Every structure is written in structure tokens, then in C-alpha cells.
Amino acid sequence: MAAVLKIEHLRKSYSPGFIPHKKEILKDVSLEVEAGEIFGYLGPNGAGKTTTLKCLLGVSFPDSGTISLFGQPYHSLKAKERIGYLPESPYFYDHLTAAEFLDFYGRLFALGQAERAERVAGLLRLVGLEQAADLRLRKFSRGMLQRVGLAQALINRPDLLFLDEPMGGLDPVGRKELRDIILQLKQEGRTVFLCSHILQDIEMICDRVAILVAGRIMKAGRLRDLISEKVLFTELEIEGVGRAELEKFGECLTGRDGRFLLKVFDQGRVGVVLELVRDRRGRLHSLLPRTQTLEDLFMGMVKQP
Amino acid sequence: MRRILVIAGNTFREAVRDRVLYLLLFFAGSTIILSRLLALLAVGDRVKIIMDVGLASLSLFGALTAILIGTGLVYKEIDKKTIYTLLAKPIHRHEFLLGKFFGLAFTQLVILLLMTIFFQAFLFIHTLKLNGQVFLAALYIFIELILLTAVAILFSIFSTPILSSLFSLSFFFIGHFSRGLLTLIGKMPAGAGRTILRSLYLLLPDLENFNFKTEVVHHLPIPASLQLSAAAYGLFYILFILVLAVLIFRRRDFQ
């Protein structure tokens, strides 16, 4: 697949305040995003995710490195015609109504009046804001602003969509709807670059991820390649067996109603534990083999010195 | 050009939905009406006093509109990060800035036109004749106001609205008092001091170039050459400020 976004050796530093000492935010970041995929850009707060986006969108200027969008320089208008962007905690022109706001952005893409009207109505329907079309944005809640922000990012039917923490401010229903929209965009052949620190969302929808820690890409690749399918430990919920006996097999925690939660790290000993439960006439409530999750991988990266 | 017009249209809409504008319009209208009261209290030609106060209020409240709205225009976009989504669209930075400028300049035009028509109507009640010279004075007030708008936008690129307002107000006052330097230069002996003062005068804005109020109030002739040179001075100054603003804005890194 062709790369729609290519970043090579991107470096960016800022001077905090008037102090002439530069703080390096991005340290030699390189990555590629292929057409039609959902790419997760992960990192803890302050890792440099938003700074990367600002460089990609021409809001900030890189110190060094190259960025290309669809094989063209990132600041070319032709490239920008094909992208959409939803910022983190969006704030828009509060003197406009939702429909006026989307119409204004549609004009920037030279869309005709009829086409704008059709797209605005369709997008408001897509993000569930049909009833708020004539309401000024100053009266919108945070979640509503997030929704209208997504609508503006889609006004030009972009081939590549940048979403910066898109789940922020959304309720569980809104998050589910947004996930569905992102998956629908992928089905339409569009590419999504998703910046987030909510691992659950990334794990559910992303094809590939890059983990950014302190301005460096620590790991990048397909989720199934990054996360080992090997069982890390087995979690058993047991009743009717003494704690002292269980502790011989692994970590044992006291649960509710006299139950114990046992983590067995040696898979060969799980059978022995089951025999012990049977011998003691105890009860096994659950048995759960735990494979590595994105969270395990992420925490491992973040905690590394 | 299309994108500049789109931004200008949005800026105009933003300005006309700003309550500050209506507050200023209210005060401008009140001042014009109050000029009648002043005329009653003063000794001399009452119509001249009404014209003097009226034209001064067009200039002052127009300047306040340019400064109060102009200084917040770009800063608000940066502070509230609306500029991030705009710069992610197919638009050049200079188009954004020029769009802001033209939007506010058009707002100034509409407001000044409304105030001038109101003033002309008020004057008509007292004199029962129309004074075309009022529109000429208003035209030069308009040139001064768009220069002030450009200055306010320039400052708002790199400073807060309060600082930008102070800088712009300083520009306004310096611009109206800089001509005093000419009197001083005339009284000084030739030498380094005189050269420095002359250079300083050339460097500082001279907004009195656009002040034809005295001529209009006292029905004095205004030579065409003076009108042309004043217009050329204004247009070049505006162009200079806009080029400076674009150069700074193009290099501005939004952290």
C-alpha cells in the first residue's frame, strides 16, 4: 500500500517563555501511514502527539526533518484539500450557528452552495446534531462541540483524517458512535490518524500503532505483531481452599464472599491447582488466561527508564 | 482572493455580532445628539459646533472600534486555537490575515457610513441643507480608521489584546500629535538635533494628514493635490503595515 503520510527524522523544540533554552519535544520521529488504515498514535500526556500534529498541519514549523502528505510537501494546498482535522478540546467561532459554521468551512474548499447545503445537512445528521443546526456554538456543551468539530473535519470528504483525542468530552454512547463513524470511514477507503491515550479505543479500532514516549517513537507496527498472544498468566477465582495452600502457586488476593483470586504464572501448574480445588471439594468460579494487552505494552514503554 | 473573501465575510459577521460594536455605535449617536446641547451652551456659530463635535465623534468612536475589535481578532483565533483548524484547511497564512483585515475594514465602512448618514440627517434638521463636504471628511476618517485597523491587527499577532490596545492607542495619539514636531523643527537651528527630529517626524505616523474637519466645518477649500497626497500617504502606510504583519505572521510558530 502507498504511504499517504510520511514523516522522516522530525525534530521540534520550543523555548518555554523568555528563557533562551530550548526544550526538545520531538526527537527524530519517523513514521509512515498507509492508505486505508486506522493508525493509532499513542503516548502519555506531554509525549509530543499534538506537537507532531501541529507540524503536520503547518501550525508549527519543524526544526528539521521532512513531512509529506500524499507525496507532496505538507504545507501544499493540494495536500491540505485532502485532509481533515479535529483538534483536542475544540473551540470554534461561537458567534456562528452549527450550520453557519460548517457552511463557512465548506466555502474554504470552494464547494458550491447546493453541495454545501447537502453536506452540512448530512454531516449534522451523521454526528447527531440535526436539532442543533440553528443553535449558536456558544450554547454547545463540550460533547456537542466535539461532534460539530468532527463534522467540520469531514466537510471536504477527506482522504486522510487527523483526530486529536477525539473521545474527550464524549459520553459512552458518543464514543461508541464515533468508533462506528471511524470504522465506516475506513470502509470507505479513507485513512484515519488517531492520536489518543485511551488505549481501549485504540485497541478496538486501530490497524497499526506507534507509541511515542518523551518525543521518541518507542515502538511501531501492527497491533498483532506488537502484542504477544502468549499467555502471561492465568487468573482463577476459587472458593473453599485455604489461602496458604494457594499462595504456593502464585499471587493470591482475597476477594469477596471468601473467594480468592489466584494468578498462576507457570501454565504447567494450572492443572495442579484444579486438582487441588477438586480434592478440597472447593469451587472454581472462573478461569481466565490473560494474554498481553496494549495497556501492558504501553505501560512497559512508559515505565522504561 | 476567494478564500480572503470567505474569511472577510466571517470576520464581518463576527464583528457585527459583537456587542461592543453596538455599545460604541450608541455612544457615537449619543455624542452627535449631545452636540446640540453643547451648541446651545457655547458662544458662536451653533452649526459649526455641531459639525465639530459630530465629526470628532465619527473619528473617535471609529478609532475605538478599530482598536477594540481589531486587537482581539487575531489574538482570539490564536488563544482559542480556532486558527489550528483554519490553517489545516487549504489556505495560506497571508490569506487568513488579509481576510481578517478586509473583514474589519468593511465593518468600519458600514459603521462609518451609517454614522455619517445619521450625522448628515441630524445636520439637515438644523440647516435644512445637505453638506457633501461631510462625506469627504468621512472618507479621510475612513482611511485613518483602516490604517488603525491594520496597526491593531499587526500588534494582535504577537501580543495580548490589552497590550495591543495600548500600542494602537499610542499610535493613534502619536499620529495626531507628531505634526507638533514640525513646529519644533522650524524653530530649531540647523544641525544634528534638527536632523534627528526631522528623521523622527518621518518615521512617526502623521494622522493629521487625514484631518479635514477644520476645512469642512469652516467651509475652506481643500486643494485636490492635498487630498491626493493624503490618500497616497494613507494607502502606502496601510500597505507597509500589512506587509509587515504578513511577514511576521508567516513566521509565527503556534506552540
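Residues numbered from 1 in each chain as written. Chains lettered and ligands numbered in written order. Predicted model: local features only at pLDDT ≥ 70, side-chain atom pairs only at ≥ 80, totals over all residues.

Right, let's talk about the pairing of strand β6 (residues 83–86) of chain A for a bit. Residue and element names in this part refer to chain A. Here β6 shows two buried faces, one formed by I83 and Y85 and the other by G84 and L86. Pairing of β6 with strand β7 (residues 160–164), which is carried by four bridges, proceeds in the parallel orientation. Bridging from a neighbouring strand, G84 pairs with L161 of β7. (Buried ≥ 20, exposed ≤ 12 C-beta atoms within 10 Å, placed from the backbone. Helix = DSSP H or I, 4+ residues; strand = E, 2+ residues; numbered from the N terminus. Pairing = 2+ DSSP bridges.)

Residue and element names in this part refer to chain B. Confidence along chain B averages 87 in pLDDT terms, with 99% of residues attaining 70 or more. The weakest mean pLDDT in chain B belongs to helix α2 (residues 19–41) at 79; the strongest belongs to helix α11 (residues 224–251) at 93. Here the prediction assigns the complex a pTM of 0.82, and the interface score ipTM is 0.77. (pLDDT = per-residue confidence, 0-100.)

Looking now at the packing of helix α5 (residues 93–127) of chain B against helix α6 (residues 133–158) of chain B. Two quantities define a packed helix pair, namely the angle between the axes and the distance from one axis to the other. Residue and element names in this part refer to chain B. One way to put it is that α5 packs onto α6 with a least axis distance of 9 Å and a crossing angle of 150 degrees. In this view, α5 runs roughly antiparallel relative to α6, as classed from their interaxial angle. Crossing of α5 over α6 shows right-handed handedness. Residue-level inspection shows L97, K100, F101, L104, A105, Q108, L109, L112, T116, F119, Q120 and L123 of α5 in contact with α6, the latter providing V134, F135, A138, I141, F142, L145, I146, T149, A150 and I153. (Axes fitted to C-alpha atoms, helices over the stretch in contact; angles between N-to-C directions. Parallel < 35°, antiparallel > 145°, perpendicular 65-115°, else oblique. Left-handed = near helix turned anticlockwise from the far one by under 90°. Contact = placed C-beta atoms within 7 Å.)

This part covers the sheet that holds strand β13 (residues 259–264) of chain A. Residue and element names in this part refer to chain A. Taken together, the four strands give an open sheet; going across it, the order is β12-β13-β11-β14, and neighbouring strands pair in antiparallel fashion. Edge positions in the sheet fall to β12 (251–254) and β14 (283–291), since each of these pairs with one other strand and no more. Mean inter-strand twist for the sheet, computed between neighbouring axes without regard to direction, equals 20 degrees. As judged from the eight bridges shared by strand β11 (residues 231–239) and β14, these two strands associate in the antiparallel manner. Residue pairing in the sheet places E235 in a bridge with L288 of β14.

As a further point, take the sheet that holds β6 of chain A. Residue and element names in this part refer to chain A. As summarised here, the arrangement of the six strands in space is β6-β7-β8-β3-β9-β10, forming an open sheet in which the pairing is mixed. Here the strands that pair on one side only, and so sit at the sheet edges, are β6 and β10 (216–222). If you compare each strand with its neighbour and ignore which way they point, the axes differ by 15 degrees on average. Sheet topology places strand β3 (residues 38–42) next to strand β8 (residues 191–196); five bridges connect them, and they run parallel. Across the sheet, the residue bridging to G40 is L194, located in β8. Its contacts with the sheet place helix α5 (residues 142–153) against β6 and β7, and it is angled at close to 170 degrees to β6.

Further remarks concern the pairing of β13 of chain A. Residue and element names in this part refer to chain A. Only one face of β13 is buried: it carries F260, L262 and V264, and the other face, with R259, L261 and K263, is open. Pairing analysis gives six bridges linking β11 to β13, with the strands arranged antiparallel. Considered in β13, the bridge of I238 is made with F260. Of the pairings in the sheet, the one linking β12 to β13 comprises four bridges and is antiparallel in character. In the sheet register, C252 faces β13, and the bridge partner there is L262. Between the antiparallel neighbours β12 and β13 lie four residues, among them D257 with a positive phi of about 55 degrees.

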